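Coordinate inspection notes
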Amino acid sequence: MEHYRERMWPSPWIFISLGLVVPASLLVFLPISILTGIVTAIVLYGATVGSLVATSPVITVRDGRLTAGKATLPLEYVGEATAFEGAEATLERGRRLDARAWLVIRGWINPVVKIVVTDETDPTPYWLVSSRRPDDLIAALGSAGARTN
């Protein structure tokens, strides 16, 4: 049973910003050929958008496991989960960050959830994951059987 699922899609402003690849490629290729410039601009924009969408990580809580990106953690090893927003989220991603933490963060998603790992054999002290719905993620961890704050 799936308790939670979130794909960390890029924000709309990312796609708008990527539009700058169009005039840049036109500037380079239009002197060679108008058709080459237009085709290159379309292909480059499509490729950058496609790669961002294809590599957007997914967070799920299902079947007794928490999965964030490529890593999976059994819920029995999930400890306290805490949401951070605004300046606190920035501190968690920056000055308070432990270099051993597992990170699945995206710059276009401000809130983060810090999930303590209770497995004593795991060198990772916690996971830090971006989430547009941090309270829903924490609630899903709790309803799936993990200990949460």
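Here's what I pulled together on the structure shown here. In this text, all values refer to a predicted model and were calculated from it rather than measured experimentally.

**Topic: the nonpolar core**
By size, the foremost hydrophobic cluster in this structure holds 24 residues, and its most contacted members are Val61, Leu66, Ile115, Trp127, Val129, Leu137 and Leu141. For this core, the secondary-structure elements that each account for two or more residues are strand S2 (58-62), strand S3 (65-68), strand S4 (71-74), strand S5 (78-84), strand S7 (112-117), strand S8 (126-130) and helix H5 (134-143). If you tally residues by element for this core, the top one is H5, at four residues. For Leu66, the residues in contact, after removing those within four places along its chain, are Ile59, Thr60, Val61, Ala71, Thr72, Leu73, Leu75, Val78, Ile115, Trp127, Leu137 and Leu141. Phe84, Ala89, Ala101 and Leu128 belong to the second largest nonpolar core, which has six residues in total.

**Remarks on a nonpolar patch on the surface**
On the surface, Leu30, Ile34, Ile38 and Ile42 cluster together into a nonpolar patch covering about 380 Å² of accessible area. Considering the arrangement of structural elements, one finds Ile38 in helix H3 (residues 34-54).

**Points about the sheet that holds S4**
The strand order S1-S2-S3-S4 describes an open sheet built from four strands, whose pairing is antiparallel. Where the open sheet ends on each side, the last strands, each with one partner, are strand S1 (2-7) and S4. In this sheet, neighbouring strand axes are inclined to one another by 10° on average, regardless of whether the strands run parallel or antiparallel. Sheet analysis places S2 next to S3, joined by four bridges and oriented antiparallel. Directly across from Arg62, in S3, lies its bridge partner Arg65. Running at roughly 155° to S1, H5 makes contact with S1, S2 and S3 of the sheet.

**So, the environment of Thr118**
Within the secondary structure, Thr118 sits in the loop between S7 and S8. A C-alpha to C-alpha distance of 50 Å links Thr118 and Pro23, two positions 95 residues apart in sequence.

**Quick look at the pattern of salt bridges**
Any two side chains of opposite charge can pair, on the condition that their charged atoms come close. On inspection of all chains with the given rule, the structure shows seven salt bridges. Arg62 is paired through a salt bridge with Asp63; the nearest N and O atoms lie 3.4 Å apart. The partly exposed category is assigned to Arg62, whose relative accessible area is 38%. A residue is classified by how much of its surface remains accessible, and Asp63, at 44% relative accessible area, is partly exposed. Put simply, Glu88, Glu92, Arg96 and Lys114 are held in one network by salt bridges that share partners.

**Description of the sheet that holds S5**
Two modes of strand pairing occur in sheets, parallel and antiparallel, and in both the strands are linked by backbone hydrogen bonds. Strand order in the open sheet formed by four strands is S5-S7-S8-S6, with mixed pairing between adjacent strands. Only two strands of the sheet have a single partner each, and these edge strands are S5 and strand S6 (102-104). Neighbour to neighbour, the strand axes of the sheet diverge by 15° on average, direction disregarded. Here three bridges tie S6 to S8, and the two strands are oriented parallel to one another. Along S8, the bridge assignment pairs Leu103 with Leu128. Of the strands in this sheet, S5, S7 and S8 touch helix H4 (residues 86-93), which is tilted by about 45° from S7. Most of the contacts of H5 go to S5, to which it runs at about 165°, and overall it touches S5, S7 and S8.

So, how was this worked out
Residues numbered from 1 in each chain as written. Predicted model: local features only at pLDDT ≥ 70, side-chain atom pairs only at ≥ 80, totals over all residues. Heavy atoms only, no water. Core = buried A, V, L, I, M, F, W, Y, C linked by side-chain atoms within 4.5 Å. Buried < 20%, exposed > 50% of the residue type's maximum accessible area, 1.4 Å probe, protein only. Helix = DSSP H or I, 4+ residues; strand = E, 2+ residues; numbered from the N terminus. Contact = heavy atoms within 4.5 Å. Patch = residues over 30% accessible without salt bridge, like charges linked within 9 Å, V, L, I, M, F, W, Y side chains within 5 Å. Areas by Shrake-Rupley, 256 points an atom, 1.4 Å probe, with all protein chains shown as cover. Salt bridge = Lys/Arg side-chain N within 4 Å of Asp/Glu carboxyl O. Pairing = 2+ DSSP bridges. Axes fitted to C-alpha atoms, helices over the stretch in contact; angles between N-to-C directions.

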